[in-house]
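Inside the fold
Letter by letter, the chains look like this.
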Amino acid sequence: MTTRYDEPNRLARAANAVIRQLAELGVEIAGSRALRVRGRTTGKWRPVVVNVLTVDGRDYVVATRGNTQWVRNARAAGFVETGPRWRRTRLRVVEIADAEKPDLIRRYLDRWFWEVKGHAGGLTPSSTESEVREIAASIPVFELAG
C-alpha cells in the first residue's frame with residue numbers, strides 16, 4: 001500500500017461540503033452518501049461524502065484520492081456511520097486486499113469517472129488491467145459490513 005493523497009483544493013472542498021449537507025439530509029446525488037468516521041486523535045465525528053458502490057449486494061467505498069484523512073480514521077476506528085442524520089447506521093469497515101481491488105476500482109471508474117477524473121492515480125475507465133493492478137495499492141477500498 002502506498003501513501004498517495006490528492007488533497008482537494010478549495011473549490012472541491014466547498015462542493016463536497018454542499019453535497020455532504022444534502023446527503024446528511026437524505027438527498028443522494030449520483031450515489032453519494034453521508035459518511036461519518038471518528039477522528040483517530042480527537043475522537044470527534046468527522047463527516048465526509050462518499051460514493052457507495054454496490055456489487056453483488058455488498059457495499060464498498062473507494063478512496064480514489066488515496067490515503068485521505070477519512071481513510072486513516074476509518075482504519076483506526078474500524079467502523080463508520082452512514083446515512084442521513086436521523087437514520088445513521090454503524091458499519092464495520094473491512095479493507096480489501098490489493099489483489100481484489102482491480103474489479104471494484106474498474107466498476108467505480110465506470111460509474112463515477114466523470115466525478116473523480118484527475119484523482120484516480122491516472123486511471124480511466126479504459127485503463128488496462130495491468131495499469132489498474134499497478135495503481136490499486138494506492139487506492140484504498142473498504143467493504144461496509146453490517
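A brief look at the structure comes next. (Residues numbered from 1 in each chain as written. Predicted model: local features only at pLDDT ≥ 70, side-chain atom pairs only at ≥ 80, totals over all residues. Heavy atoms only, no water.)

Buried residues dominate strand β6 (residues 141-145), accounting for five of its five residues. Side chains V141, E143 and A145 of β6 all project onto a buried face; the interleaved residues F142 and L144 project onto the opposite face, where all are buried too. Pairing analysis gives four bridges linking strand β3 (residues 58-62) to β6, with the strands arranged antiparallel. Along β6, the bridge assignment pairs D59 with L144. Relative to β6, strand β5 (residues 89-95) is paired through four bridges, and the arrangement is antiparallel. Residue pairing for β6: R92 is matched across the bridge by A145. (Buried < 20%, exposed > 50% of the residue type's maximum accessible area, 1.4 Å probe, protein only. Helix = DSSP H or I, 4+ residues; strand = E, 2+ residues; numbered from the N terminus. Pairing = 2+ DSSP bridges.)

What follows is about the environment of G122. In this structure, G122 sits in the loop between α3 (101-116) and α4 (129-135). We classify G122 as exposed; its relative accessible area is 69%. Sequence separation between G122 and A34 is 88 residues, and the spatial gap between their C-alpha atoms is 26 Å.

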